[in-house]
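Here is how the chains run, residue by residue.
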Number of protein chains: 2
Amino acid sequence: MANDKKLVEAITSMDVDFAQWYTDVVKKAELCDYSSVKGCMIIKPAGYAIWEQIQTQLDAEFKKTGVENVYMPMFIPESLLQKEKDHVEGFAPEVAWVTHGGLEPLQERMCVRPTSETLFCDFYANEIQSYRDLPKVYNQWCSVVRWEKTTRPFLRSREFLWQEGHTAHATAEDAEARTIQMLNVYADFLRDVLAIPVVKGQKTEKEKFAGAEATYTIEALMHDGKALQSGTSHNFGDGFAKAFGIQYTDKENKLQYVHQTSWGMTTRLIGAIIMVHGDDSGLKLPPKVAPVQITIVPIQQKKEGVLDKAYELRDRLSNFRVKVDDTDKSPGWKFSECEMRGVPFRIEIGPKDIENNKCVFVRRDTREKIEVSLDEVETKAAELLDTIQKDMYEAALAHQKAHTYAATTWDEFCNIIETKPGFVKAMWCGDQACEDKIKETLAATSRCMPFEQECLSEKCVCCGNSAKKMVYWGRAY
Amino acid sequence: MANDKKLVEAITSMDVDFAQWYTDVVKKAELCDYSSVKGCMIIKPAGYAIWEQIQTQLDAEFKKTGVENVYMPMFIPESLLQKEKDHVEGFAPEVAWVTHGGLEPLQERMCVRPTSETLFCDFYANEIQSYRDLPKVYNQWCSVVRWEKTTRPFLRSREFLWQEGHTAHATAEDAEARTIQMLNVYADFLRDVLAIPVVKGQKTEKEKFAGAEATYTIEALMHDGKALQSGTSHNFGDGFAKAFGIQYTDKENKLQYVHQTSWGMTTRLIGAIIMVHGDDSGLKLPPKVAPVQITIVPIQQKKEGVLDKAYELRDRLSNFRVKVDDTDKSPGWKFSECEMRGVPFRIEIGPKDIENNKCVFVRRDTREKIEVSLDEVETKAAELLDTIQKDMYEAALAHQKAHTYAATTWDEFCNIIETKPGFVKAMWCGDQACEDKIKETLAATSRCMPFEQECLSEKCVCCGNSAKKMVYWGRAY
């Protein structure tokens, strides 16, 4: 059975080699595959189904806040990309250039969008005339291209899927409010759907988005103690508006520049799910984002009545995303497969169970086995999915807390970074030189200046000068 | 009121200039806009919301037949595109070429996918080993690029959104069955959701897809009597499998080539909706695909209780996609706007209506006004949406029938093509020379050899030789 063999080979243990463990899970859970195009990935059904869950649920949250979806061209003429100085400097070195259309060379070369600020600005410059046209709260789901040198499935690839929201507002206050609102939508989504706790905060000048006035971020901690930037929300002020001439007449008939924001989340989130929740048996999917929430595994399925009972259970559980594994593989294979693919729980049911009017729920997260009367499967299944969702969040939160340290001296700071993977909270003077030194010396970066500030000491952990902000530091993906 | 002005200017009458009418509707219903990238369009919220309805509902139909979604890279290396001879000849002249990644020239240039057969084949060649791996029934939702010379919103643009299904099967029979199955999914979707009748049939050799053994199509008739190819399904036989080496070991352990299909539908469907159902007041959306199914227009909304009643109605109708227009525009403006945007029906409610415990439903398709007791709005709304859906289909079918002609002689054929826009059924000898002559002389093309064949005469309408097939001919978009 060639197909099964792929699964039996144990995957690398995460404690032995986390990077290899990650690659093994991605491969064995059939989430994605390499393609003939270097640095681009093929997202396979099991991986894409997770993205569909993310997309559907996040999109619904967007729409509750008034977001409307649109679709912009995938190409950006070079002259358009160059209109905002910081932005072009940030992105030009890593874009793919189209130079020919059909058999003809293009008059002006175009890049494949690395992000679409410039296209939205160009559009808004035509679309917005009066205060009545504001706000514009548009979003698109698409793929973008960034010509990265080193790539890893879901975490960094030359093409990836994302959503990018681009908004225009009458006032600076409205833009700032939307920037924070969307950051909160992201943070809530990670907590409530992906069961991932995050630290919310602002990026430093050095780490902010090319062209933004302020970048806000949610930072999550992976199982290996490395940080993953999981979503960002940018306030552009009126910088792009001035570069692109996006003006409106206000109620007093005066011309004003709009204030803009953008915010995005990507297929990187699938990498976060893997690295926050997974273990040596494979993926663990939080119930809310699991494409298959329950797999029913019939035991001794050739015995009369077993498969029928399994199908009957499936039909009774049709409020959930449920599947019967009625293939001719052995139950043991099916169990491993459920585990590798991260199905939140499986239901085992065999002739003996049927005789005793029961079945067994086996949790993926704790491996706990729970006998359930066949009269109660619907309510017990609903309860268990809720419990797993909560417990997975609590486990991730406990891990994050256990791996968040505070340092007040340079020695302490270095020691923690070098020996204790995790977030390190430390004071900072606000000077980029200290950030640069920390990056060079320790390969750690400022993750964010968290909204919840603490005063750990009066001095910058790096230079000893007067401290301005408490910063989360860490090594990151 | 700058915003309102856009709407008052009457649009061009469809009888005066159909092409201009189409452009006016696209613009005034705010479906899409031109962009800085020549030949590429911006799909605006009202247009994209229609695409979301199409995508959600069509995707659900796909999944019922076992389709799984994936995502492939948007780039195709030149050597990969060249692997299947007919395919590269068909597409190479109209692709966009990427030659640089970041600051470096690429070792091999890549095109932006015009369609993804080659990528799926390359993937399947690795993925498929045994008969146990079959069938593969994968689909992706994405955008594709074809460097067209002349473009029109939704109908022909350099980038457009679509879905492309790519399947691999053990036998020729399985592949043919899937090809026809998906054509039927498309035809049913147009009939049941878009209220558009179609003719199902096979494309001639001349008109089939580059690399296909057989192409099947659904052809719809627009209001101006021109045909629109609305969806195609291709049977590739084992041609691509041989070019790409996609083989599996069968149950007898023998190596076999797979048999493949592909099938696609695009944002072109939005063009079809406009041109089949629209009138001189704008769009008319069939209820099932309308992003807003009902707009409630309060009359004398400043009078006490009117807006409250409108919101109460909205809440009671929350099973439908319903909106209250509570802007400060006049009711007349709001009516025109509902009409321009194609909302299936509006509900007018004012102080007098409330006094009499009633409201008025106004149908977009027939403009009929219906008094409805406030006690019955839920059931009456559901009934009316059903009725409108059915009536719109019947109207489109009547139009198609009234504009389908039969010709048995060359003179008759020419006369009909030149003077009576529509489908012309006529016999054909099977020789491409006749198709070429008809195209050159009359600018008409073979739309399809319909599944429902009739014998109109024994002779080819063009050359008089013995006829092989009855063909639908017409001028087309």
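Residues numbered from 1 in each chain as written. Chains lettered and ligands numbered in written order. Predicted model: local features only at pLDDT ≥ 70, side-chain atom pairs only at ≥ 80, totals over all residues. Heavy atoms only, no water.

Engineer: So what about the environment of Gly39(A)? Which residues, and what values?
Structural biologist: Residue and element names in this part refer to chain A. On the secondary structure map, Gly 39 appears in the loop between strand 1 (32-34) and strand 2 (41-43). Assessed through its relative accessible area of 17%, Gly 39 is described here as buried. Considered as a pair, Gly 39 and Glu 159 are 120 residues apart in the sequence and their alpha carbons are 7.8 Å apart. (Helix = DSSP H or I, 4+ residues; strand = E, 2+ residues; numbered from the N terminus. Buried < 20%, exposed > 50% of the residue type's maximum accessible area, 1.4 Å probe, protein only.)

Engineer: I'd love a proper account of the side chain of Gln260(A), names of residues and values included.
Structural biologist: Inspection of the secondary structure assignment puts Gln260(A) in strand 14 (residues 259-266). When sequence neighbours within four positions are dropped, the list of residues in contact with Gln260(A) reads Cys121(A), Tyr124(A), Thr167(A), Ala168(A), Ala175(A), His234(A), Asn235(A), Phe236(A), Gly237(A), Phe240(A), Ala241(A) and Ile246(A). (Contact = heavy atoms within 4.5 Å.)

Engineer: Tell me what's going on with the interface of chain B and chain A, and back it up with residues and numbers.
Structural biologist: Contacts between the two partners involve 54 residues from chain B and, on the opposite side, 54 residues from chain A. Both sides together, the interface formed by chain B and chain A hides about 4,600 Å², and carbon and sulfur atoms give 61% of it. Broken down residue by residue, the surface that chain B buries against chain A is led by Pro45(B), Tyr71(B) and Met74(B), which jointly contribute 13%. At the junction of chain B and chain A, the tally comes to 6 salt bridges. The partner of Lys44(A) in a salt bridge is Glu127(B), and the shortest N-O contact between them spans 2.9 Å. At the junction of chain B with chain A, the criterion picks out 23 residue pairs in polar contact (both at pLDDT 80 or more). (Buried area = accessible area lost by both parts, 1.4 Å probe. Salt bridge = Lys/Arg side-chain N within 4 Å of Asp/Glu carboxyl O. Polar contact = N/O pair within 3.5 Å; in protein donor to acceptor, adjacent residues only side chain to side chain.)

Engineer: Got a sec to walk through the nonpolar core? Specific residues and values, please.
Structural biologist: By size, the foremost hydrophobic cluster in this structure holds 142 residues, and its most contacted members are Phe75(A) and Phe75(B). Beyond its immediate stretch of four places on either side in the chain, Phe75(B) contacts Val37(A), Cys40(A), Ala96(A), Val112(A), Val145(A), Trp147(A), Val98(B), Met110(B), Cys111(B), Val112(B) and Leu119(B). (Core = buried A, V, L, I, M, F, W, Y, C linked by side-chain atoms within 4.5 Å.)

Engineer: Account for the relation of the copies chain B and chain A, with residues named and values stated.
Structural biologist: Expressed as a screw transformation, the operator carrying chain B onto chain A has a rotation angle of 180° and an axial translation of 0.0 Å, and the superposed copies differ by an RMSD of 0.0 Å. The symmetry that links the two subunits is that of a two-fold axis. No C-alpha of chain B approaches the rotation axis more nearly than that of Val98(B), which lies at 2.1 Å. Same-surface contact between copies: 100% of interface residues of chain B are shared with the interface of chain A. (Least-squares fit on C-alpha atoms with pLDDT ≥ 70 in both.)

Engineer: Describe helix 13 (residues 377-402) of chain B, listing the residues and the values that go with them.
Structural biologist: Over its 26 residues, helix 13 of chain B runs 36 Å from end to end, which matches the ideal 38 Å to within 8%, given 1.5 Å per residue. Within helix 13 of chain B, burial applies to Val377(B), Ala381(B), Leu384(B), Leu385(B), Ile388(B), Gln389(B), Met392(B), Tyr393(B), Ala396(B), Leu397(B), His399(B) and Gln400(B). (Expected span 1.5 Å × (residues − 1).)

Engineer: Any chance you could break down the sheet that holds strand 18 (residues 358-363) of chain A for me, citing the residues and the numbers?
Structural biologist: Residue and element names in this part refer to chain A. Across the sheet, which stays open at both edges, the 5 strands sit in the order 16-15-17-18-19 with mixed pairing between neighbours. A single partner strand is all that each edge strand has here, and the edge strands are strand 16 (322-324) and strand 19 (369-373). Averaged over neighbouring strand pairs, the angle between their axes works out to 25° when direction is ignored. When strand 17 (residues 345-349) meets strand 18, the two strands line up antiparallel, connected through 4 bridges. Paired with Phe 345 across the strands is Arg 363, a residue of strand 18. Relative to strand 15 (residues 294-298), helix 11 (residues 331-341) is tilted by about 175°, and along the sheet it contacts strand 15 and strand 17. (Pairing = 2+ DSSP bridges. Axes fitted to C-alpha atoms, helices over the stretch in contact; angles between N-to-C directions.)

Engineer: Hey, could you go over the packing of helix 2 (residues 18-28) of chain A against helix 9 (residues 268-277) of chain A for me, with residue numbers and the actual values?
Structural biologist: All names here are of chain A. Contact geometry for helix 2 and helix 9: axes closest at 11 Å, N-to-C directions at 115°. Crossing of helix 2 against helix 9: the hand is right-handed. Contacts between helix 2 and helix 9 pair Phe 18, Trp 21, Tyr 22, Val 25 and Val 26 from the former with Gly 271, Ile 274 and Met 275 from the latter. Tallied by class, residues from the contact of helix 2 with helix 9 come to 7 nonpolar, 1 polar and no charged. (Left-handed = near helix turned anticlockwise from the far one by under 90°. Nonpolar A, V, L, I, M, F, W, Y, C, P; charged D, E, K, R; others polar.)

Engineer: Can you break down the sheet that holds strand 17 (residues 345-349) of chain B residue by residue, with the values?
Structural biologist: By way of backbone hydrogen bonds, the strands of a sheet pair with one another, either parallel or antiparallel. Residue and element names in this part refer to chain B. Judged by pairing direction, the sheet is mixed, and its 5 strands sit side by side in the order 16-15-17-18-19 without closing on themselves. Only two strands of the sheet have a single neighbouring strand rather than two, namely strand 16 (322-324) and strand 19 (369-373). This sheet shows a mean twist of 25° between the axes of neighbouring strands, independent of strand direction. For strand 15 (residues 294-298) and strand 17, the ladder comprises 5 bridges, and the chain directions are parallel.

Engineer: Would you mind going over the packing of aromatic side chains in detail, with residue names and values included?
Structural biologist: Taken as a whole, this structure holds 40 aromatic pairs over all chains when the rule is applied. In this structure an aromatic cluster arises from ring pairing among Trp51(A), Phe62(A), Trp141(A), Tyr186(A) and Trp263(A). Directly above the aromatic system of Trp410(A) lies the positively charged group of Lys437(A), at a separation of 4.5 Å from the ring centroid. Residue placement shows Arg109(B) over the ring face of Trp97(B); its charged tip is 3.8 Å from the ring centre. (Phe/Tyr/Trp six-rings, centres within 6.5 Å; stacked < 30°, edge-to-face > 60°. Lys NZ or Arg CZ within 6 Å of the ring centre and 35° of its normal.)

Engineer: Describe the environment of Ala433(A), naming the residues involved and giving the relevant values.
Structural biologist: Residue and element names in this part refer to chain A. Within the secondary structure layout, Ala 433 lies in helix 15 (residues 432-442). Ala 433 gets classed as partly exposed once you look at its relative accessible area, which sits at 47%. With 30 residues separating them in the primary sequence, Ala 433 and Cys 463 have C-alpha atoms 9.1 Å apart.

Engineer: Describe the pairing of strand 17 of chain A, listing the residues and the values that go with them.
Structural biologist: It is a general feature of regular strands that their side chains alternate between the two faces of the sheet. Burial analysis of strand 17 of chain A places 5 of its 5 residues in the buried class, which makes it a mostly covered element. Residues Phe345(A), Ile347(A) and Ile349(A) line one face of strand 17 of chain A and the alternating positions Arg346(A) and Glu348(A) line the opposite face, and both faces are buried.

Engineer: Quick one: what's the story with the environment of Glu219(A), residue by residue and with numbers?
Structural biologist: Residue and element names in this part refer to chain A. Mapped onto the secondary structure, Glu 219 falls in strand 10 (residues 214-221). Judged by relative accessible area, which is 0%, Glu 219 ranks as buried. As for Glu 219 and Ser 230, which are separated by 11 residues in sequence, their C-alpha atoms are 5.8 Å apart. Residues in contact with Glu 219, not counting those within four places in the same chain, are Pro 197, Val 198, Val 199, Lys 203, Ala 227, Leu 228, Gln 229, Phe 423, Arg 447 and Cys 448.

Engineer: Please set out the pattern of salt bridges residue by residue, giving values where relevant.
Structural biologist: Residues and elements named next belong to chain A. Scanning the model with the defined rule gives 74 salt bridges over all chains in all. Glu 339 is paired through a salt bridge with Arg 367; the nearest N and O atoms lie 3.4 Å apart. Taken together, the residues Glu 339 in helix 11 and Arg 367 in the loop between strand 18 and strand 19 connect sequence positions 28 residues apart. Judged by relative accessible area, which is 39%, Arg 367 ranks as partly exposed.

Engineer: Describe unusual backbone geometry, naming the residues involved and giving the relevant values.
Structural biologist: All names here are of chain A. Note that the residue after Leu 134, namely Pro 135, is joined by a cis bond; omega there is -5°. Phi at Asn 253 takes a positive value of approximately 65°, unusual for a residue other than glycine. For Asn 253, the position within the fold is in the loop between strand 12 (247-249) and strand 13 (255-257). Residue Asn 253 is classed as exposed on the basis of its relative accessible area of 63%.

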